[in-house]
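Report on the structure
The residues making up each chain are set out below.
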Amino acid sequence: MTTQDLKQMDLDYVLHTYARNYIHFVKGSGARLFDNKGKDYIDFSTGIAVCSVGHGNERLANAICKQAMELIHISNLYLIEPQAKLAKELVTQSGYDMRVFFANSGAEANECAIKIARKFGEVNGKTKRYQIITLDSSFHGRTISTLKATGQDKMHHHFGPFPDGFVYAKDIADIPNKISEVTCAVLLELVQGEGGITPFNKSEIQELAKLLKEKNILLMIDEVQSGIYRSGELFASNYYEITPDVISTAKGLAGGVPIGAVMTRLKDIFSPSDHGSTFGGNFLSTRAALEVLEILKEEKQSGRLDKTIAYFTQNLQDLQKAYPEIFIQEIGLGLMRGLRLKDSELLTIFLQKTCEKRVLVLKSGKNTARFLPSLLITREEIDEGFSRINEAIKEL
Ligand SMILES: *Cc1c(COP(=O)(O)O)cnc(C)c1O
């Protein structure tokens, strides 16, 4: 099928929810994607932090194939071996004394986190506590309640009325001001994925964790984007040396197979029928996630992941120093990185030019170029990507 025919079919039959770029990819290998003409692109975006072990990963593909031939799905009414093993692996690798619920996406994982907070608020305290504090520039998903949890007002048009019980703080320092007798939880990202990639200050987060513990308010960390070694540790929470009450994660967990997970210290918060999912935690997605965690654990333990992070970051810092009139700042954590550009107009042109030079880079916030490469990206792939970005900059 020609790209033009495919584009027309897409426009005719698929709802227009995305400002699509009509590149027609047909194959991928490592950090490279190939279009239908055989042209290669360097992928610094991994389907928005999803393809954590790169494209065409043989170990992952083999695990998925083998599982698909045996069992894909049986429902949560029966034992699911890879689900139990995955839960154990997440708990063991994180070092957190928790239990896990499996969903199918980041928003769904956050829905579960919100239900945990609501039930916690109902049973702990004299009056029912139900309010959850989130941040102004946060992003927590696109279901009705996670949209309301998302602090960016521009996302709230058209879709009200929303469920009650979300209040927004300007920044971390403003959170204590928003606490009231009905607050049950604080939900936040440690590095805001859609909000500009700036990691919050470590000691400020630790102070907040301490305060919330004193007030018996849950600390819920949205690690949908920052989780699964993207930060350099299994969770950014590990890097911040905090023990959250709830962690939600999703994107990179199964390398592209849809999955979401919620981990909580409140091991007995739910009773049967409080929550559930038809697809969540099925054989296929949990087997894929087990393989991804195995691959990434090896990458971390061998020291390769830390070297990749250092090399990628060095390349970004060099770029920032070489073009200070374009890039005002290099920021981020692990392989969740950003270059802050002078303004949003310049960012638009930069992203357009890098795409023309066949490098995929994302946007975050108003003026940040976001880099989320495969955690297995090689030096050769990094070098090639940055050499193309340098070409792109010459045309700005
Ligand atoms: C992507 C993202 C979500 C939503 O995940 P979906 O799988 O798209 O529902 C929620 N929170 C954060 C921090 C995200 O980056």
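A brief look at the structure comes next.

Mapped onto the fold, Ala369 is located in strand E15 (residues 368-371). In this structure the C-alpha to C-alpha distance between Ala369 and Leu351, which are 18 residues apart in sequence, comes to 7.6 Å. Filtering out sequence-adjacent residues up to four positions away, Ala369 remains in contact with Arg337, Gly338, Leu339, Leu341, Leu347, Phe350, Val361 and Leu362.

Let's shift gears to a nonpolar patch on the surface. A grouping of Met1, Leu6, Met9, Tyr13 and Val14 is seen on the molecular surface, where their side chains present a nonpolar patch of about 540 Å² in accessible area. Here Leu6 lies in helix H1 (residues 3-13).

Let us now look at the pattern of salt bridges. Tallying each qualifying case throughout the model produces 26 salt bridges. Salt-bridge contacts for Lys300 lead to Asp306; the nearest nitrogen and oxygen are separated by 3.2 Å. Several salt bridges converge on common partners, so that one network encompasses Arg32, Asp40, Arg358, Glu380, Glu384 and Arg388.

Taking 1.5 Å per residue, 13 residues should reach 18 Å; helix H8 (residues 202-214) reaches 19 Å between its end C-alpha atoms and fits that length. Taken together, the buried positions of H8 are Ile205, Leu208, Ala209 and Leu212. The buried side chains of H8 occupy one side of the element, clustering within an arc of 105° when seen end-on. In H8, the exposed positions angled more than 90 degrees off the buried face are occupied by Glu207 and Glu214. Close packing links the buried residues of H8 with helix H7 (175-178), strand E7 (183-188) and strand E8 (218-223). In the stretch just after H8, Asn216 is the one whose phi turns positive, near 55°.

This part is about the sheet that holds strand E1 (residues 25-29). Taken in spatial order, the 4 strands make up an open sheet running E1-E2-E3-E13, and their pairing is mixed. Where the open sheet ends on each side, the last strands, each with one partner, are E1 and strand E13 (359-360). As paired elements, strand E3 (residues 40-43) and E13 share 2 bridges and run parallel to each other. Bridge pairing links Ile42 to Val359 in E13. Packed onto the sheet, helix H13 (residues 379-394) meets E1, strand E2 (32-35), E3 and E13 and runs at close to 105° relative to E3.

This brings us to the sheet that holds E8. Sheets are built from strands paired through backbone hydrogen bonds, the pairs being either parallel or antiparallel. Spatially, E4-E10-E9-E8-E7-E5-E6 is the arrangement adopted by the 7 strands of the open sheet, whose pairing is mixed. The sheet is open, and its two borders are formed by strand E4 (99-103) and strand E6 (166-169), each paired with just one other strand. Across the sheet, the mean angle from the axis of one strand to that of its neighbour is 20°, orientation sign disregarded. Pairing of E4 with strand E10 (residues 260-264), which is carried by 5 bridges, proceeds in the antiparallel orientation. From the neighbouring strand, Phe101 faces E10, where its bridge partner is Val262. Relative to E8, helix H5 (residues 106-123) is tilted by about 180°, and along the sheet it contacts E4, strand E5 (131-135), E6, E7, E8, strand E9 (246-249) and E10.

Another aspect to go through is the side chain of Ser94. With respect to the secondary-structure elements, Ser94 resides in helix H4 (residues 81-94). A residue is classified by how much of its surface remains accessible, and Ser94, at 7% relative accessible area, is buried. At 2.9 Å, the side chain of Ser94 and the backbone oxygen of Leu90 are in polar contact. Beyond its immediate stretch of four places on either side in the chain, Ser94 contacts Leu234, Phe235, Asn238 and Met263.

Spanning 14 residues, H4 covers 20 Å between terminal C-alpha atoms, matching the ideal 20 Å at 1.5 Å per step. Inspection of H4 places Pro82, Leu86, Ala87, Glu89, Leu90, Gln93 and Ser94 among the buried residues, and these make up the whole buried set. Each buried residue of H4 sits inside an arc of 165° when the element is viewed along its axis, so together they form one side. The exposed residues of H4 that point more than 90 degrees off its buried face are Glu81, Lys88 and Thr92.

Taken together, Ser105, Gly106, Ala107, Asn110, Phe139, His140, Gly141, Glu189, Asp222, Val224, Gln225 and Lys251 make up the full set of residues adjacent to the ligand. With respect to the ligand, the backbone of Ala107 contributes an N or O atom lying 2.8 Å from an oxygen atom. Within the side chain of Lys251, one N or O atom sits 2.6 Å away from an oxygen atom of the ligand. The biggest single contributor to the shell around the ligand is H5, with 3 residues. Of the residues assigned to the shell around the ligand, the class counts are 3 nonpolar, 6 polar and 3 charged.

If a probe as big as a water molecule is rolled over the atoms, it shows which places are left empty. Within this structure, the stated rule accounts for 1 cavity of 30 Å³ or more. For the largest cavity, the calculated volume is near 30 Å³. Along the walls of the largest cavity sit Ala49, Ser52, Gln225, Gly227, Ile228, Arg230, Gly252 and Leu375, which together make up its complete lining. Residue composition of the lining of the largest cavity, grouped by class: 3 nonpolar, 4 polar and 1 charged.

Now for the pairing of E5. Most of E5 is tucked away: 5 of the 5 residues are buried. Neither face of E5 is left uncovered, since the one carrying Gln131, Ile133 and Leu135 and the one carrying Ile132 and Thr134 both have all their residues buried. Bridge count for E5 against E6 is 4 bridges, and the pairing is parallel. If you follow Ile132 over to E6, its bridge partner there is Phe166. Of the crossover connections in this fold, the one passing from E5 over helix H6 (residues 144-149) to the parallel E6 is right-handed.

Criteria and thresholds
- Residues numbered from 1 in each chain as written.
- Predicted model: local features only at pLDDT ≥ 70, side-chain atom pairs only at ≥ 80, totals over all residues.
- Heavy atoms only, no water.
- Helix = DSSP H or I, 4+ residues; strand = E, 2+ residues; numbered from the N terminus.
- Contact = heavy atoms within 4.5 Å.
- Patch = residues over 30% accessible without salt bridge, like charges linked within 9 Å, V, L, I, M, F, W, Y side chains within 5 Å.
- Areas by Shrake-Rupley, 256 points an atom, 1.4 Å probe, with all protein chains shown as cover.
- Salt bridge = Lys/Arg side-chain N within 4 Å of Asp/Glu carboxyl O.
- Expected span 1.5 Å × (residues − 1).
- Buried < 20%, exposed > 50% of the residue type's maximum accessible area, 1.4 Å probe, protein only.
- Arc of directions from axis to C-beta.
- Pairing = 2+ DSSP bridges.
- Axes fitted to C-alpha atoms, helices over the stretch in contact; angles between N-to-C directions.
- Polar contact = N/O pair within 3.5 Å; in protein donor to acceptor, adjacent residues only side chain to side chain.
- Near = heavy atom within 4 Å.
- Nonpolar A, V, L, I, M, F, W, Y, C, P; charged D, E, K, R; others polar.
- 1 Å grid on protein atoms, 1.4 Å probe; cavity = no way out; pocket = protein on both sides within 12 Å on 5 of 7 lines; lining within 4 Å.
- Points joined across faces, edges and corners; volume = space filled by probe spheres on them.
- Right-handed = clockwise from strand over helix to strand, strands pointing away.

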